[in-house]
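# Notes for the structure review
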Amino acid sequence: AIHGRTALLCAQQMARRNLRGALILVAALDGLYPVPAPAHYAASQAAMWGLTQALAKELGPRGILVNLAVLGVLDGGIAQELTPKLRAAYQRHAALGRTGTCEEAARGLRWLALENTYVNGAQFPLTGGLG
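Everything in this summary refers to the structure shown in the same document. (Residues numbered from 1 in each chain as written. Predicted model: local features only at pLDDT ≥ 70, side-chain atom pairs only at ≥ 80, totals over all residues. Heavy atoms only, no water.)

### Quick look at the overall build of the protein
Operational definition: Helix numbers and strand numbers start at the N terminus; a helix is a DSSP run of H or I with at least 4 residues, a strand a run of E with at least 2. Atoms counted for the radius of gyration: C-alpha only. Globule rule: 2.2 Å times residue count to the power 0.38. Burial here depends on accessible area, computed with a 1.4 Å probe over protein chains only, as a share of the maximum for the residue type. Under 20% is buried, over 50% is exposed, and the range in between is partly exposed. Residues are treated as being in contact if the distance between any of their heavy atoms lies within 4.5 Å. Accessibility throughout is a Shrake-Rupley quantity obtained with a 1.4 Å probe, and a residue counts as covered only by protein chains that appear here. A residue counts as positive if it is Lys or Arg and as negative if it is Asp or Glu; His and the chain ends are not included. Charge positions are represented by NZ for Lys, CZ for Arg, CG for Asp and CD for Glu.
For the protein, the helix and strand inventory stands at four helices and three strands. Secondary structure elements of the protein occur, N-terminal to C-terminal, as α-β-α-β-α-α-β. Taken over the C-alpha trace, the protein has a radius of gyration of 15 Å; the compact-globule value for 131 residues is 14 Å, and the two agree within 12%. The buried share among the 131 residues of the protein stands at 34%. Pairs at least 24 residues apart make up 72% of the contacts formed inside the protein by residues separated by at least 6 positions. For the protein, the exposed surface amounts to about 7,800 Å²; the carbon and sulfur share of it is 59%. Across the protein, the 12 positively charged side chains and the 7 negatively charged ones have centroids separated by 8 Å.

Next comes the structure, spelled out in structure tokens:
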């Protein structure tokens, strides 16, 4: 509830203040690809995709581009809690054959935030080809 509500509140504030630019929602793979995840967590991640599509249509005409950055397995954060066996499985199925770095994810987010002028209502996979 917090994840979705926070994203919605950010969108509402941008619209109320007549801001233009990028609103980047972030989700993990868990709700968008068939990976092992608790149902409640996967549902919260999947909700971000529905919210992205709806907000993109609603806010696009106001000059607000709404996209969803989907983060794959990175070398830091919660991914450090993965078992070695699960981490190896992710790496085996990723097109790059490795996990990503936080810096690589940040560069993708930076592009969406500062350089994108046309992509709206899209999933932006920062997954290394996993999925």
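So, next bit.
### Some points on the pairing of strand β1 (residues 21-28)
Our working definition: Should DSSP find at least two bridges between two strands, the strands are taken to pair. By the criterion used throughout, a crossover qualifies as right-handed when its path from the first strand across the helix to the second strand runs clockwise, the strands pointing away from the viewer.
Inspection of the sheet shows β1 paired to strand β2 (residues 64-71) by eight bridges, in the parallel sense. Note on β2: the bridge partner recorded for Ile24 is Asn67. The parallel pair β1 and β2, bridged by helix α2 (residues 39-59), forms a crossover whose chirality is right-handed.

### A few points about the sheet that holds strand β3 (residues 123-126)
Quick note on the threshold: Axis angles are defined between N-to-C directions and span 0 to 180 degrees, where every axis is a line fitted to C-alpha atoms and, for a helix, only to the segment in contact.
Judged by pairing direction, the sheet is parallel, and its three strands sit side by side in the order β1-β2-β3 without closing on themselves. Lying at the two open borders of the sheet, with one neighbouring strand each, are β1 and β3. The average undirected angle you get between the axes of adjacent strands in this sheet is 30 degrees. Packed on one face of the sheet, α2 meets β1, β2 and β3 and runs near 160 degrees to β1.

### Description of the nonpolar core
Defined as follows: Here, the term nonpolar core denotes a set of buried Ala, Val, Leu, Ile, Met, Phe, Trp, Tyr and Cys residues that are joined through side-chain atoms within 4.5 Å.
If you look at the biggest cluster of nonpolar residues, it comprises 23 residues, and the most contacted ones within it are Leu23, Leu25, Met48, Leu55, Leu59 and Val66. Mapped by element, the contributors of at least two residues to this core are α1 (2-16), β1, α2 and β2. Counting residues per element, this core draws most heavily on α2, at five residues.

### Quick look at the side chain of Thr127
Checked against the element boundaries, Thr127 lands in the segment after β3. Ignoring anything within four residues of it in the chain, the contact list for Thr127 reads Leu29, Val70, Leu71 and Gly72.

### Quick notes on the environment of Ala15
Among the secondary structure elements, Ala15 is positioned in helix α1. The spacing of Ala15 and Arg62 is 47 residues in sequence and 7.7 Å in space, taken between C-alpha atoms.

### Quick look at the side chain of Arg87
Tracing the chain through its elements places Arg87 in helix α3 (residues 84-93). Apart from residues lying up to four places away in sequence, Arg87 is in contact with Val73, Leu74, Ala79, Gln80, Leu82 and Thr99.

### Here we look at unusual backbone geometry
Here the phi dihedral of Asn18 falls at roughly 55 degrees; this positive angle occurs in a residue that is not glycine. Position of Asn18 among the secondary structure elements: in the loop between α1 and β1. With a relative accessible area of 64%, Asn18 lands in the exposed category.

### Describing α2
For the record, the criterion: Residue count minus one, scaled by 1.5 Å, sets the expected span of a helix.
Spanning 21 residues, α2 covers 30 Å between terminal C-alpha atoms, matching the ideal 30 Å at 1.5 Å per step. Turning to α2, its buried residues are Ala42, Gln45, Met48, Leu51, Thr52, Leu55, Ala56 and Leu59. On its buried side, α2 packs onto α1, β1 and β2.

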